[in-house]
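What follows is the residue order along each chain.
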Amino acid sequence: MKSEKRLENNEYFIANVLGVIDALNLENSNYSVMDLDGEKIYSVRKYAVSTNKIKYKNVFKLKGDEIPLFVSERFKQLVEESGITGCEFIKIINV
């Protein structure tokens, strides 16, 4: 019988990401716009970000759309190499 060893850790950590960057590139994003009481609401299906605005940033949110959290490729690699679970990474467009 194969025994699977698993490291269990009951410690949990949380981060409050404060870095908000105005880097959304609407020209290359896939999105729709709704008008709600005279205010434009953007629904982004595929994000494109301006690479020159996110240089050296490993974790950030986009101005005006602070729900999704964006990470660098380096951050993603570190998470995967560390065996951290519960994260989903979706590729975005860098322009």
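For the structure itself, consult the block above.
Residues numbered from 1 in each chain as written. Predicted model: local features only at pLDDT ≥ 70, side-chain atom pairs only at ≥ 80, totals over all residues. Heavy atoms only, no water.

(A) Examining the pattern of salt bridges more closely. By the definition in use, this model includes one salt bridge. When the shortest N-O distance is used, the salt bridge between Glu 80 and Lys 76 registers 3.0 Å. Placement of both Glu 80 and Lys 76 in helix α1 (residues 73-82) is noted, with a separation of four residues, approximately one turn of the helix. For Lys 76, a relative accessible area of 22% translates into the label partly exposed. (Salt bridge = Lys/Arg side-chain N within 4 Å of Asp/Glu carboxyl O. Helix = DSSP H or I, 4+ residues; strand = E, 2+ residues; numbered from the N terminus. Buried < 20%, exposed > 50% of the residue type's maximum accessible area, 1.4 Å probe, protein only.)

(B) Representation of unusual backbone geometry in the model. Its identity as a non-glycine residue notwithstanding, Asp 37 has a phi of 55°, on the positive side. Within the fold, Asp 37 resides in the loop between β2 (30-36) and β3 (39-46). Residue Asp 37 is classed as exposed on the basis of its relative accessible area of 79%. The residue Tyr 56 is not glycine, and still its phi comes out positive at about 65°. Checked against the element boundaries, Tyr 56 lands in the loop between β4 (48-49) and β5 (59-62).

(C) Region of interest: the sheet that holds β5. The strand order across the open sheet formed by three strands is β1-β5-β6, and the pairing between neighbours is mixed. Two strands lie at the open edges of the sheet, namely β1 (20-21) and β6 (65-71), each paired on one side alone. Taken together, the two bridges between β1 and β5 define a ladder with parallel strand orientation. Residue pairing across strands places Val 20 opposite Lys 61, the latter belonging to β5. (Pairing = 2+ DSSP bridges.)

(D) Geometry of the side chain of Ser 29. As for its position among the elements, Ser 29 is in the loop between β1 and β2. Engagement of the side chain of Ser 29 in a polar contact is seen with the backbone oxygen of Asn 25, the distance being 2.8 Å. Residues in contact with Ser 29, not counting those within four places in the same chain, are Leu 24, Lys 46, Tyr 47 and Ala 48. (Polar contact = N/O pair within 3.5 Å; in protein donor to acceptor, adjacent residues only side chain to side chain. Contact = heavy atoms within 4.5 Å.)

(E) Structural detail: the layout of surface pockets. Within this model, the largest pocket holds a volume of roughly 1,500 Å³. Counting residues per element, the ones that place at least two in the lining of the largest pocket are β3, β5, β6 and α1. Take the lining of the largest pocket: its biggest share by element is six residues, from α1. The residue inventory of the lining of the largest pocket, partitioned by class, reads 22 nonpolar, eight polar and 11 charged. Counted as a void, the second largest pocket has a volume near 160 Å³. The wall of the second largest pocket is formed by Leu 24, Glu 39, Lys 40, Ile 41, Tyr 42, Val 44, Lys 63, Gly 64 and Asp 65. (1 Å grid on protein atoms, 1.4 Å probe; cavity = no way out; pocket = protein on both sides within 12 Å on 5 of 7 lines; lining within 4 Å. Points joined across faces, edges and corners; volume = space filled by probe spheres on them. Nonpolar A, V, L, I, M, F, W, Y, C, P; charged D, E, K, R; others polar.)

Note that every value here comes from positions in space, so none of it alone points to a role or purpose.
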